[in-house]
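What the coordinates show
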Amino acid sequence: MTTELGLPEDIQACLFDLDGVVTRTAVVHAAAWKATFDAFLRERDGAGFRPFTDSDYDQYVDGRPRADGVRSFLTSRGIELPEGTPDDPPDTQSVNGIGNRKNELLLEKIRTDGVQPYEGTLRYIDAVRAAGLATAIVSSSANTRDVLHSIDAERLFDVRIDGVVARERKLPGKPHPDTFLAAARDLGVEPSRAAVFEDALSGMDAGRSGHFGFVVGVDRVGQTDALYAHGADRVVKDLAELGGHS
């Protein structure tokens, strides 16, 4: 049985990813990653370098913590770099340096173009809260609080588990389920009573391995089959499709 929110009746909490689910920043992230990796590969391999692709983004980077994304992609190309430290300057040839370079580009794009929310998601979260369900934002981004503040959406979430919190608590990022499990724990809800909302394949993997009660895949880029293959119970193009109109 499902409720008017399109969820199983025993769901008590909803755990939302940020980029691509709440905000239209997934495309901005992808563009920043491409610019970063293409510049690195061009400098390393010359004009004949093999560019970073949309498939690379989906498979190796999307939804993962910044350093994990760098490491995963470089490994796929047989490239090894020193880890460095989270404080590495963005011109450092290290895993953390490349990640920080990407973050600089991302913040520049956000400052230039601003952040837009998905209105269907905001309406759905309002309905979720009106129905008495708890809510959390779960994102690998260290910029989560600033992004939510920019769209006046901090008030919509009882708990925030983001890149900053994950680093403080030493939580591995997606595809590991630990950040979602931490959000459920902070809300006082068993994972089997929580629903996960994600657009990234790594987020689907996290939802499945964490044994959450319901996993919703949000298909913004035409990857419905892949989202189901990675563990989605239902895939929608917009959360408004689930119901819960307030």
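Worth saying up front: this structure is predicted, and the values here are computed from it rather than measured.

On to the packing of helix H1 (residues 26-45) against helix H4 (residues 95-113). Where H1 meets H4, the closest approach of the two axes is 9 Å, and the angle between their N-to-C directions is 135°. One element, H1, and the other, H4, form an angle in the oblique class. Here H1 runs over H4; the crossing is right-handed. Across the interface between the two elements, Val-28, His-29, Ala-31, Ala-32, Trp-33, Ala-35, Thr-36, Phe-37 and Phe-40 from H1 touch Ile-98, Arg-101, Lys-102, Leu-105, Leu-106 and Lys-109 from H4. The residue makeup of the contact of H1 with H4, split by class, is 10 nonpolar, 2 polar and 3 charged.

On to the sheet that holds strand E6 (residues 234-236), then. Spatially, 6 strands are ordered E3-E2-E1-E4-E5-E6 in an open sheet, and the strand pairing comes out parallel. Because the sheet does not close on itself, it has two edges, and the strands there are strand E3 (159-161) and E6. Going from strand to strand, the sheet's axes swing by 20° on average, the running direction of each strand aside. As paired strands, strand E2 (residues 134-138) and E3 are joined by 3 bridges and run parallel to one another. Residue Ala-136 lies in a different strand from E3, and its bridge partner there is Val-159. Relative to strand E5 (residues 214-218), helix H9 (residues 201-209) is tilted by about 175°, and along the sheet it contacts strand E4 (194-198) and E5.

Tracing the backbone through its elements, the reader meets Lys-174 in the loop between helix H7 (163-169) and helix H8 (178-187). Side chain to side chain, Lys-174 and Asp-17 meet in a polar contact 3.1 Å long. In this structure the side chain of Lys-174 is engaged in a polar contact, spanning 3.4 Å, whose partner is the backbone oxygen of Val-138.

Leu-7, Phe-16, Val-22, Tyr-124, Phe-157, Phe-197 and Leu-239 are the most contacted members of the largest nonpolar core, which has 34 residues in total. The dominant element in this core, judged by the number of residues it contributes, is helix H5 (residues 119-130), at 5 residues. Not counting the four nearest positions on each side in its chain, Phe-157 is found in contact with Phe-16, Val-22, Ile-125, Arg-129, Thr-135, Ala-136, Ile-137 and Leu-148. Residues Ala-136, Ala-182, Val-189 and Ala-206 belong to the second largest nonpolar core, which totals 20 residues.

Right, let's get into the packing of helix H3 (residues 66-76) against H4. Each packed pair of helices is defined by two parameters, the angle between the axes and the distance between the axes. In the contact formed by H3 and H4, the axes pass within 9 Å of each other and the chain directions differ by 115°. Viewed along their axes, H3 and H4 form a crossing whose handedness is right-handed. On the side of H3, the interface is formed by Arg-66, Ala-67, Val-70, Arg-71 and Leu-74, while H4 contributes Val-95, Asn-96, Ile-98, Gly-99, Asn-100 and Asn-103. Residues belonging to the contact of H3 with H4 are distributed by class as follows: 5 nonpolar, 4 polar and 2 charged.

Parameters at a glance
Residues numbered from 1 in each chain as written. Predicted model: local features only at pLDDT ≥ 70, side-chain atom pairs only at ≥ 80, totals over all residues. Heavy atoms only, no water. Axes fitted to C-alpha atoms, helices over the stretch in contact; angles between N-to-C directions. Helix = DSSP H or I, 4+ residues; strand = E, 2+ residues; numbered from the N terminus. Parallel < 35°, antiparallel > 145°, perpendicular 65-115°, else oblique. Left-handed = near helix turned anticlockwise from the far one by under 90°. Contact = heavy atoms within 4.5 Å. Nonpolar A, V, L, I, M, F, W, Y, C, P; charged D, E, K, R; others polar. Pairing = 2+ DSSP bridges. Polar contact = N/O pair within 3.5 Å; in protein donor to acceptor, adjacent residues only side chain to side chain. Core = buried A, V, L, I, M, F, W, Y, C linked by side-chain atoms within 4.5 Å. Buried < 20%, exposed > 50% of the residue type's maximum accessible area, 1.4 Å probe, protein only.

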